[in-house]
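Secondary and tertiary structure notes
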Amino acid sequence: MFSTVAALAEAAGGKIISGDPGAHVGTISSDTRNIAPGDCFIALAGENHDGRTFVADAIGKGACAVIVSGNINVSRQISAAVIEVGDTLYALGELARRRRLSFDIPVIAVSGSNGKTSTKEMIAAIFSKTRKVLKNRGNFNNLIGLPLTLLGLREEHSIAVVEMGINVPGEMERLAQIGSPTIGVITNIHPAHLMGLGSIEGILEQKTILWKSLEPHGVAVVNMDDPMLSRFAQRIKARKITCSLRNGAADVFVCSQIVVSEAKTSFRMSAGGFEIPVSLPVMGVHHAQNALAATAAALVAGASAGEIEDGLAGYAPVSQRMNCFKLRNGGVLVDDTYNANPCSMIAAVEAVISASSGSPFVAVLGEMRELGHQSPSLHFDVGERVGAAKPSRLITLGDLGIEIIKGAVAAGLDESLCHHAADHSEAAALLLRIAPEGAWILVKGSRGMAMEKVVEAVAEELRN
């Protein structure tokens, strides 16, 4: 990757303060648990730890070099080279940027308020049978995860698909610098991370830096169903490919009814002059939207209609995102606990109601985090939408779950059908006691709410 300590120091913008500049360097890692002899350890500073405290551990495991910021006591007896930089996080980004620029391959970057990970995984699935694809692990999508992903580029890779997630201003600009994407996908703009980004306009401004970073020959994938993105796209220099659930003027659009059933979404789409049947192994119209964006990006990168059809059919649903489990009583437990914001929560409710075909429906909803001063009103708004859907029962968790109940009652849901739980155990116990036989049960909430604990408790009691 960077063959010597000297090359590594030059790429990182640092200076060698001890050790052999000619020593060979293997993999770069920020986690001493993954260090192997000959690797380089980069000491990142986190919220709860300072990577410099792990330098001795890395050296003990055979690291041939360490990258650190600030002063550090260096024993003359240690075997590893020590490279000093001003900022290890910035240095990590520079190493990844240099690595990425050494490859002349399509790099597809995916961002947006909802659906980033699923869209990224769909794109990767389309190409995985015919090409070697580099992608983020999970949602390894921030200023640490993206560089570590790109440092994994190897000669066998012919395409990279990377997710870019942000929650404060300035992050997208740096992610785009590091990744130098050739294709930029922004799935949608919805209220999320408002605590850091301030407003829906702030989200648009920061997310669209991805599109503005594209060279004129780059391509922006534009969701025509999102008015903010559709308008903004008119201002960018990059080429555009459009997608839509409803607009037949888009380059990629749905040309049939969308059928949502248990763990499946089926439809036909027009793309690249072909009509392609789609059978996604995950339910929800919002996943159809993700598939359209994935198809548009894949077309630009050279995918055939056959690759798109096979890839989407073989897409492996992401854990904790609309995963369905059969229950002994004939019901279905839907685990959508990875994260939540207002639009994703409403989309999940609508998907489950559509798939349940009139069966009883129970919503177990944890509060949504990082919504700033608008949080109470946004929870109330979600409650109104949930209440209008007339679930058999509504269970909430977290302080702001009360606002969801208030909104649901305001929309006409009988207050006797609403329950607020003090903790996960109480929520699970309530669910086991009051859920009707054969009910479809949706469990969803922000990552910090750990709503998977409710899923685990209920599944243990009710799964086949």
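Residues numbered from 1 in each chain as written. Predicted model: local features only at pLDDT ≥ 70, side-chain atom pairs only at ≥ 80, totals over all residues. Heavy atoms only, no water.

**Structural notes on the sheet that holds strand 17 (residues 332-336)**
Short version of the rule: Between any two strands, at least two bridges found by DSSP are needed for them to pair. Each helix corresponds to a stretch of at least 4 residues labelled H or I by DSSP, and each strand to a stretch of at least 2 residues labelled E; elements are numbered beginning at the N terminus. To get an axis, fit a line to the C-alpha atoms, keeping to the stretch in contact for a helix; angles then go from 0 to 180 degrees between the N-to-C directions. We call two residues contacting when some pair of their heavy atoms lies within 4.5 Å.
Reading across the sheet, the six strands line up as 16-17-21-18-19-20 and stay open at both edges, with mixed pairing between neighbours. A single partner strand is all that each edge strand has here, and the edge strands are strand 16 (323-326) and strand 20 (418-421). On average, each strand axis in the sheet is inclined to that of its neighbour by 15°, with strand direction left out of account. Note: strand 18 (residues 361-366) against strand 21 (residues 440-444), five bridges, orientation parallel. When the bridges of strand 21 are listed, Ala 363 appears paired with Leu 442. On the sheet, helix 17 (residues 452-462) packs against strand 17, strand 18 and strand 21 and is oriented at approximately 160° with respect to strand 17.

**Thoughts on the sheet that holds strand 1 (residues 15-18)**
Read across the open sheet, the five strands follow the order 1-5-4-3-2; overall the sheet is mixed. Every other strand in the sheet has two partners, leaving strand 1 and strand 2 (28-29) as the edge strands with one partner each. Here strand 2 pairs with strand 3 (residues 40-42) via two bridges, running parallel. Residue Ser 29 lies in a different strand from strand 3, and its bridge partner there is Phe 41. Strands in contact with helix 1 (residues 5-12) are strand 1, strand 2, strand 3, strand 4 (65-69) and strand 5 (81-85); relative to strand 5, the strand with the most contacts, it is inclined by about 10°.

**Some points on the environment of Arg 463**
What counts, and what does not: Exposed residues in this analysis have more than 50% of their type's maximum accessible area, buried residues have under 20%, and partly exposed residues fall in between, with area computed by a 1.4 Å probe over protein chains only.
For Arg 463, the location among the structural elements is in the segment after helix 17. For Arg 463, a relative accessible area of 39% puts it in the partly exposed group. In this structure, the C-alpha to C-alpha distance between Arg 463 and Lys 326, residues 137 residues apart in sequence, is 6.2 Å. Here Arg 463 is in contact with Phe 325, Lys 326, Leu 327, Arg 328 and Val 458, once residues within four sequence places are set aside.

**What about empty space enclosed by the protein?**
The line we're drawing: Site definitions follow a grid-based scheme: protein atoms alone, a 1 Å grid, a 1.4 Å probe that fits but cannot get out for cavities, and for pockets an open set with protein on both sides within 12 Å along at least five of seven lines, plus lining residues having an atom within 4 Å of a point. Grid points are joined across faces, edges and corners, and a volume is the space filled by probe spheres set on the points. Here the nonpolar group is Ala, Val, Leu, Ile, Met, Phe, Trp, Tyr, Cys and Pro; Asp, Glu, Lys and Arg are the charged ones; every other residue, Gly included, is treated as polar.
Summed over the entire model, instances satisfying the criterion amount to one cavity of 30 Å³ or more. In this structure, the largest cavity spans a volume of roughly 30 Å³. Every residue along the wall of the largest cavity is listed here: Val 185, Ile 186, Thr 187, Val 221, Val 222, Asn 223, Cys 243, Gln 289 and Ala 293. Only strand 9 (183-186), strand 10 (219-223) and helix 11 (285-300) provide two or more residues apiece to the lining of the largest cavity. Of the residues belonging to the lining of the largest cavity, the class tally is six nonpolar, three polar and no charged.

**A word on the packing of aromatic side chains**
Heads up, the condition is: Each Phe, Tyr or Trp ring, with Trp reduced to its six-membered ring, pairs with another whose centre is within 6.5 Å; inter-plane angles below 30 degrees give stacked pairs, above 60 give edge-to-face pairs, and intermediate values give tilted ones. To sit over a ring, a charge needs its Lys NZ or Arg CZ within 6 Å of the ring centre and within 35 degrees of the ring normal.
In total, this model carries zero aromatic pairs according to the counting rule given. Just above the ring of Tyr 338 sits the side chain of Arg 321; from NZ or CZ to the centre is 4.0 Å. Just above the ring of Tyr 338 sits the side chain of Arg 447; from NZ or CZ to the centre is 5.2 Å.

**As for the layout of surface pockets**
When its volume is computed, the second largest pocket comes out at roughly 280 Å³. If you go around the second largest pocket, you meet 18 residues; those closest to its centre are Arg 100, Ser 180, Pro 181, Thr 182 and Glu 215. When residues of the lining of the second largest pocket are traced back to their parent elements, those giving at least two are helix 3 (88-101) and helix 6 (171-179). Element by element, the count of residues in the lining of the second largest pocket is highest for helix 6, at three residues. Class assignment of the residues belonging to the lining of the second largest pocket gives a composition of eight nonpolar, six polar and four charged.

**Remarks on the environment of Arg 231**
Within the element layout of this structure, Arg 231 appears in helix 10 (residues 227-233). Residues Arg 231 and Leu 417 lie 186 residues apart in sequence; the distance between their C-alpha atoms is 42 Å.

**Here's the deal with the pattern of salt bridges**
Worth spelling out the cut-off: Salt bridges are identified by distance alone: a Lys or Arg side-chain nitrogen within 4 Å of an Asp or Glu carboxyl oxygen.
Evaluation of the coordinates by the stated rule reveals 16 salt bridges. The salt bridge partner of Glu 121 is Lys 135, with a shortest N-O separation of 2.6 Å. Of this pair, Glu 121 sits in helix 4 (residues 116-127) while Lys 135 sits in strand 7 (residues 133-135), and the two are 14 residues apart along the sequence. Judged by its relative accessible area of 35%, Lys 135 is partly exposed. Across the pair Lys 444 and Asp 336 runs a salt bridge, and its minimum N-O distance is 2.7 Å. Note that Lys 444 is positioned in strand 21 and Asp 336 in strand 17, a separation of 108 residues in sequence. Lys 444 sits in the buried class, given a relative accessible area of 3%. What makes Asp 336 buried here is its relative accessible area of 6%. Among the charged side chains, a network of salt bridges with common partners joins Glu 94, Arg 97 and Arg 174.

**Observations regarding helix 12 (residues 305-313)**
Quick note on the threshold: Working definition: the arc comes from the directions between the helix axis and the C-beta atoms, pointing outward to the latter.
For helix 12, the set of buried residues is Glu 307, Ile 308, Gly 311 and Leu 312. The buried residues of helix 12 occupy one face: seen down the axis, they fall within an arc of 115°. Where helix 12 is buried, its residues touch helix 4, strand 14 (264-271), strand 15 (274-280) and helix 11.

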